[in-house]
Amino acid sequence: MDEKALPKDTVSESAKEIRLKGVTICPGIGIGHIRILDREIYISRKRITSDQVESEQQRYSEAVKTVSDHLYEHIKEAHAGSSLSASLILKNHEAMLTDGQFHDAVRSRISAEYKNAAWAIEVEAQQIITGLEASRSPYLKSRAEDIRDLVESIVDALSSRPETYKKVLPQRRESEVLISGNLFPSSVMEARRFRSVAFVTESAVLSSHAAILLKGFGIPAIGGVKGLRESAVDGDRVIVDAINSVVIIRPKPETVQEYITLKRELETPEALPLSPPIGSRTKDGVDVRLMANINNPDQIQLVLRNRLEGVGLFRTEFFVLETESFPTEKEQYDIYHRVFTAAGGRRVVIRTFDIGGDKEIVDFRYCTGQNPALGVRGVRRHFLHRPEELRAQLRAILRAAVGFPVGILLPMITTVDDIREVKRLFQNVKEELHARNDTFSADVQLGAMIEVPAAAISISDILAEVDFVNVGTNDLLQYFVAADRDNEAVLKYEDFESRAFLWLLQFIIERTAESGKEKDVTICGEIASHPQLVPLLLGLGYRSLSITPTAAQSVRDAIANTDLHASSSDRVVG
Ligand code: PEP
Ligand code: MG
């Protein structure tokens with residue numbers, strides 16, 4: 001590689017080993033082989049003559065047939081171990097293979113533009129891929145990867161005899177490290193689907209849902225790695241050191257050895273799962289409650305291992321996103337009951353499905369609107385389109401909560417009226433359970449996410465209606481500064497430390513303190529998982545944080561090193 005072409009962030013390079021610096025999204029170490037997402041497919045492009053058109057079209061049809069014949073086998077092999085059912089992927093591939101319009105368009109390109117079949121399918125598919133990738137919908141974005149996969153299969157089939165085709169199918173390696181130019185939830189789902197050992201991206205939108213998902217799944221990940229795709233080659237070895245925020249491409253054997261040892265040391269058994277939670281206290285003796293954000297039921301284990309005081313936010317929509325289906329009331333009951341039981345008496349706050357924005361599900365695409373983040377998201381979606389879905393979720397939580405300390409959290413609350421509407425529905429659900437003779441908990445608390453500026457301004461009125469609130473700084477900031485949290489181009493406005501945003505955070509906690517409810521306010525946005533920002537939050541008066549479980553130690557240390565008494569003079573944002 002030409003040394004001058006290397007980006008500034010390259011920290012060193014040897015003949016084979018390249019080290020690139022980034023920012024850790026989720027700590028850990030992954031050692032494996034590169035698989036590039038959003039990759040370009042290698043195509044041999046040739047002009048054909050008019051008398052070759054028919055045979056080229058024929059070759060194309062045969063290749064499509066060969067791929068169809070092997071489809072089931074291929075999907076089963078390629079997606080073995082996937083948490084998403086292979087049948088769903090199969091369905092998507094089948095839909096494209098049987099899309100007559102698409103094949104006609106490819107055949108027309110062969111005859112009208114005298115392109116060989118591989119070239120014709122490339123051009124046709126690229127148009128679709130570009131459209132899908134430009135879409136706001138994560139579901140559609142993820143379909144682009146399926147199309148690439150399928151085009152690659154057809155191109156392979158074009159260059160092999162049907163009987164040898166199976167042998168040239170791309171095989172997935174054991175330990176894959178996904179490399180992507182973007183940071184979409186769909187790419188993270190891809191990593192989860194294939195049990196990837198790490199994820200690296202050039203993108204720097206680190207409070208996006210995709211980044212949150214990576215942390216939740218505990219996939220070692222680094223973002224903001226410039227020059228990544230120029231250096232990465234599919235199949236090459238790579239080490240992702242998401243402790244020191246370095247990606248090592250084509251590492252020397254001694255580097256691999258060093259990291260194998262390091263990884264082993266890191267993986268030695270941690271504290272016993274059921275050790276009691278450790279409280280957190282500042283240097284001058286102020287208690288701070290430290291809870292966890294989780295995205296799926298298995299992550300309760302992270303809460304226990306990191307000895308956190310409970311679950312401050314369970315993002316239930318992610319288990320819907322993972323399986324692309326809604327669990328029934330019975331299935332939800334089982335999930336919640338399992339989490340409450342495993343929590344061993346710790347408080348668990350369950351957020352109702354926050355679908356919409358960039359967390360979209362195929363069946364519900366229709367209702368998110370032109371501008372999904374400002375459209376039908378969270379409780380808005382429930383009120384307008386899915387009241388029964390919310391009712392089923394509330395029933396499941398209330399029934400599972402018998403004997404456990406539980407809170408229900410409502411996403412995207414904008415006005416006090418939103419709260420009142422849910423409260424009516426909540427009351428109604430209880431009456432329904434009563435009439436059904438179902439046992440349920442009467443002690444479940446109700447809380448509101450404060451993530452829309454209007455709700456933040458109405459905090460006193462909202463607090464009068466609910467038992468607790470969670471300040472969702474990820475959305476609160478994006479809506480406050482009108483800058484999409486997933487858009488790199490407006491990243492500079494996403495400044496948690498800006499005077500204006502700190503003023504808003506201070507406004508919220510001061511109004512809460514006036515009602516004597518400051519203990520019922522938890523910050524659950526990513527800001528709380530950043531040890532360097534924690535003293536600021538404590539200084540403003542926040543005493544309860546809900547964080548990414550893996551950040552527990554660093555946040556606990558940051559709390560222990562904060563002396564609120566000494567820093568009290570510089571906390572006021574005028
Ligand atoms: C937030 O908005 O800060 C939050 C915690 O919720 P989410 O990131 O899931 O939108
Ligand atoms: Mg939010």
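In what follows, the accompanying structure is described. (Residues numbered from 1 in each chain as written. Chains lettered and ligands numbered in written order. Predicted model: local features only at pLDDT ≥ 70, side-chain atom pairs only at ≥ 80, totals over all residues. Heavy atoms only, no water.)

## Description of the site of ligand 1
This is how the line gets drawn: Consider each residue's heavy atoms; a residue with any of them within 4 Å of a molecule or strand counts as near. Between N or O atoms, a polar contact is any pair within 3.5 Å; within protein, one atom must be a potential hydrogen donor and the other a potential acceptor, and residues adjacent in sequence are included only when both atoms are from side chains. Residue exposure ignores everything except the shown protein chains as possible cover, and the areas themselves are Shrake-Rupley values with a 1.4 Å probe. Helix and strand labels come from DSSP, where a helix needs a run of H or I of at least four residues and a strand needs a run of E of at least two; each type is numbered from the N terminus. In this classification, Asp, Glu, Lys and Arg are treated as charged, Ala, Val, Leu, Ile, Met, Phe, Trp, Tyr, Cys and Pro as nonpolar, and every other residue, Gly included, as polar.
Around ligand 1, the structure places 16 residues, and the nearest of them are Arg-315, Arg-351, Gly-472, Asn-474 and Arg-485. Within the side chain of Arg-351, a nitrogen or oxygen atom sits 2.8 Å from an oxygen atom of ligand 1. Here ligand 1, which alone exposes 280 Å², has 100% of that area covered by the protein. Those elements giving two or more residues to the shell around ligand 1 turn out to be helix H7 (209-217), strand S12 (310-315) and helix H18 (473-480). A total of three residues in the shell around ligand 1 trace back to one element, the largest contributor, which is H18. Grouping the amino acids of the shell around ligand 1 by side-chain chemistry returns four nonpolar, five polar and seven charged.

## What about a nonpolar patch on the surface?
For clarity, the threshold we go by: Patch membership is restricted to residues that have no salt bridge and whose relative accessible area is over 30%. Joining uses 9 Å for like charges and 5 Å for the nonpolar side chains Val, Leu, Ile, Met, Phe, Trp and Tyr. The term salt bridge refers to a side-chain nitrogen of Lys or Arg lying within 4 Å of a carboxyl oxygen of Asp or Glu. Here's how the labels work: a residue is buried when its accessible area is under 20% of the maximum for its type, exposed when over 50%, partly exposed in between, all with a 1.4 Å probe on protein chains only.
Judged by side-chain polarity, Ile-243, Leu-262 and Leu-266 come together as a nonpolar surface patch covering roughly 240 Å² of accessible area. You can see Leu-266 is positioned in helix H9 (residues 253-266). Given a relative accessible area of 45%, Leu-266 falls into the partly exposed group.

## Some remarks on the nonpolar core
To be explicit about the condition: Within this scheme, the nonpolar core is defined by two criteria: the residues are buried Ala, Val, Leu, Ile, Met, Phe, Trp, Tyr or Cys, and they are joined through side-chain atoms within 4.5 Å.
By size, the foremost hydrophobic cluster in this structure holds 83 residues, and its most contacted members are Tyr-336, Phe-340, Ile-462, Val-469, Leu-505, Tyr-542 and Leu-545. Formed by 28 residues, the second largest nonpolar core is a distinct cluster that contains Ile-48, Tyr-60, Val-64 and Val-106.

## With respect to the pattern of salt bridges
Think of it this way: side chains of opposite charge can pair up when their charged atoms draw near. As enumerated under the stated definition, the model contains 34 salt bridges in all. Residues Asp-354 and Arg-351 are paired through a salt bridge, measuring 3.7 Å at the closest nitrogen-oxygen approach. Pair check on accessibility: Asp-354 and Arg-351 agree, each one buried. Asp-417 is the partner of Arg-420 in a salt bridge, and the nearest nitrogen-oxygen pair spans 3.6 Å. Here Asp-417 and Arg-420 lie together in helix H15 (residues 416-435), a separation of three residues that amounts to about one turn. Three or more residues joined by partner-sharing salt bridges are found here, namely Glu-329, Glu-388, Arg-391, Arg-395, Arg-399, Glu-432, Arg-436 and Asp-438.

## Regarding the packing of aromatic side chains
How we decide: What counts as a ring pair is set by centres within 6.5 Å for rings of Phe, Tyr and Trp (its six-membered ring), and what kind of pair is set by the plane angle: stacked under 30 degrees, edge-to-face over 60, tilted for all other angles. By the criterion adopted, a ring carries a charge over it if an Arg CZ or a Lys NZ lies within 6 Å of its centre and within 35 degrees of its normal.
Throughout the structure, instances matching the rule amount to five aromatic pairs. Taken together, a centroid distance of 5.4 Å and an interplanar angle of 25° make the contact between Trp-503 and Phe-507 stacked. Here Trp-503 pairs with Phe-507, and both are found in helix H19 (residues 499-514), just four residues apart, close to one helical turn. Relative accessible area serves as the criterion here: at 38%, Trp-503 is assigned to the partly exposed category. An aromatic cluster of three or more residues is present, and its members are Phe-480, Phe-496 and Phe-501. When the ring centre of Phe-468 is taken as reference, the NZ or CZ atom of Arg-347 above it lies at 4.7 Å. One Lys or Arg, Arg-511, reaches over the ring of Phe-507 and ends 4.7 Å from the middle of that ring.

## Regarding the coordination of the magnesium ion (ligand 2)
Our working rule: Distances up to 2.8 Å from the metal define which N, O and S atoms are donors, and 3.2 Å serves for Na, K and Ca; water is absent from the atom set, so sites may look incomplete.
Looking at the magnesium ion (ligand 2), the protein donor atoms are Glu-451 (OE) and Asp-475 (OD), and they sit 2.0 to 2.1 Å from it. Taken together, the positions of Glu-451 in the loop between strand S15 (445-450) and helix H16 (453-457) and Asp-475 in helix H18 put the pair 24 residues apart, joining distant regions of the chain. Just as Glu-451 is buried, Asp-475 falls in that class too.

## With respect to unusual backbone geometry
A positive phi angle, near 50°, is found at Tyr-114, a position not held by glycine. Considering the arrangement of structural elements, one finds Tyr-114 in the loop between helix H3 (100-113) and helix H4 (117-134). Look at Arg-307: it is not a glycine, yet its phi comes out positive at around 55°. By secondary structure assignment, the location of Arg-307 is in the loop between helix H10 (300-305) and S12. Judged by its relative accessible area of 24%, Arg-307 is partly exposed.

## Focus: the pairing of strand S13 (residues 347-351)
Note the cut-off: One requirement defines pairing of two strands: DSSP has to find at least two bridges between them.
A large share of S13 lies buried, amounting to five of its five residues. Residues Arg-347, Val-349 and Arg-351 point to one face of S13 and Val-348 and Ile-350 to the other, with burial holding for every one of them. Taken together, the four bridges between S12 and S13 define a ladder with parallel strand orientation. Counted as the bridge partner of Arg-315 is Arg-351 from S13. The sheet contact formed by S13 and strand S14 (residues 406-410) spans four bridges and is parallel. By the bridge assignment, Arg-351 is partnered in S14 with Leu-409.

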